[in-house]
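If you want the building blocks of each chain, they are given just below.
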Amino acid sequence: KTGTLKGDEDIKIVDLPGIYSLTPYSNEEIIARDYLEHRESDVILDIVDASNLERNLYLTTQLMEFGTPVVIALNQMDIVEKRGYEIDSSALSDALGVPVIEISALRGEGIDQAVEAVKKAAADGVAPNPCTFSPDLEQLLEHLEGDLPETVEPHVKRFHCIKYLERDER
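What comes next concerns the included structure. Counting from 1, residues in each chain are numbered in the order their sequence is written. Two thresholds apply to this predicted model, a pLDDT of at least 70 for residue-level local features and 80 or more for giving and counting side-chain atom pairs, whereas whole-chain, interface and lining totals are computed over all residues. Based on all heavy atoms of the structure, the side-chain values leave hydrogens and waters out of the count.

### A word on the pattern of salt bridges
Where charged atoms from two side chains of opposite charge come close, those side chains can pair. The term salt bridge refers to a side-chain nitrogen of Lys or Arg lying within 4 Å of a carboxyl oxygen of Asp or Glu. Per the stated rule, a full pass over the model turns up 6 salt bridges. With its nearest N and O atoms 2.7 Å apart, the salt bridge here joins D34 to R33. Here the term buried applies to any residue with accessible area under 20% of the maximum for its type, exposed to any over 50%, and partly exposed to those in between, with areas from a 1.4 Å probe on protein chains only. Residue class for D34 comes out partly exposed when judged on its relative accessible area of 28%. With its nearest N and O atoms 2.7 Å apart, the salt bridge here joins K120 to D124.

As structure tokens, this is what we get:
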């Protein structure tokens, strides 16, 4: 679905299906992957279920491979707090190298901060560093990138190589 930001018609928003991975097993994953791979986005807002952080961060690391600025919105922070847990969003931001904003969509908390972080990320245009792997795996990725056809856009070459390696593991 597409729309514009309330109060700022210049900001276009594309709401992609909620997924856990860009490895296409479902129609939703195919739609999301194809959109990200073939369209220009100024920034990706990754809305993460903070109450199930580990499951959601896999997708985050995949999104960081696209060369597009990423902002993480930790949603359902009210549930995290209700369960007596804490998430150090500052440490997570430092570890991933992207802004991490705590929100509760249900309560409307943190939404303005997430919008401001997205605007800043889009204006700065700084893409996150992709996750780094062991030197041997990084060397293999570099080799595979060199073997890809020139028709593959540079910003998705690494993503395709990682996707190939994941498929090969099965």
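Here the narrative resumes, following the displayed structure.
### Quick look at the sheet that holds strand 5 (residues 100-102)
Pairing is parallel across the open sheet formed by 3 strands, whose spatial order is 3-4-5. Edge positions in the sheet fall to strand 3 (44-49) and strand 5, since each has one partner strand and no second. When the angles between neighbouring strand axes are averaged without regard to direction, this sheet yields 25°. Paired strands are those between which DSSP finds at least two bridges. Numbering of helices and strands starts at the N terminus; helices are DSSP runs of H or I of at least 4 residues and strands are runs of E of at least 2. Relative to strand 4 (residues 70-75), strand 3 runs parallel, the two sharing 6 bridges. Opposite I47, over in strand 4, you have A73 as the bridge partner. Residues are treated as being in contact if the distance between any of their heavy atoms lies within 4.5 Å. In this analysis, axes come from line fits to C-alpha atoms, helices being fitted only over the stretch in contact, and the angle between any two N-to-C directions falls in the range 0 to 180 degrees. Lying on the sheet, helix 4 (residues 89-96) is in contact with strand 4 and strand 5; it crosses strand 5 at an angle near 160°.

### Focus: the environment of A50
Turning to its location among the elements, A50 is positioned in the loop between strand 3 and helix 2 (53-63). In this structure, the C-alpha to C-alpha distance between A50 and M77, residues 27 residues apart in sequence, is 6.1 Å. Not counting chain neighbours up to four residues away, the residues in contact with A50 comprise L74, N75, M77, V80 and I87.

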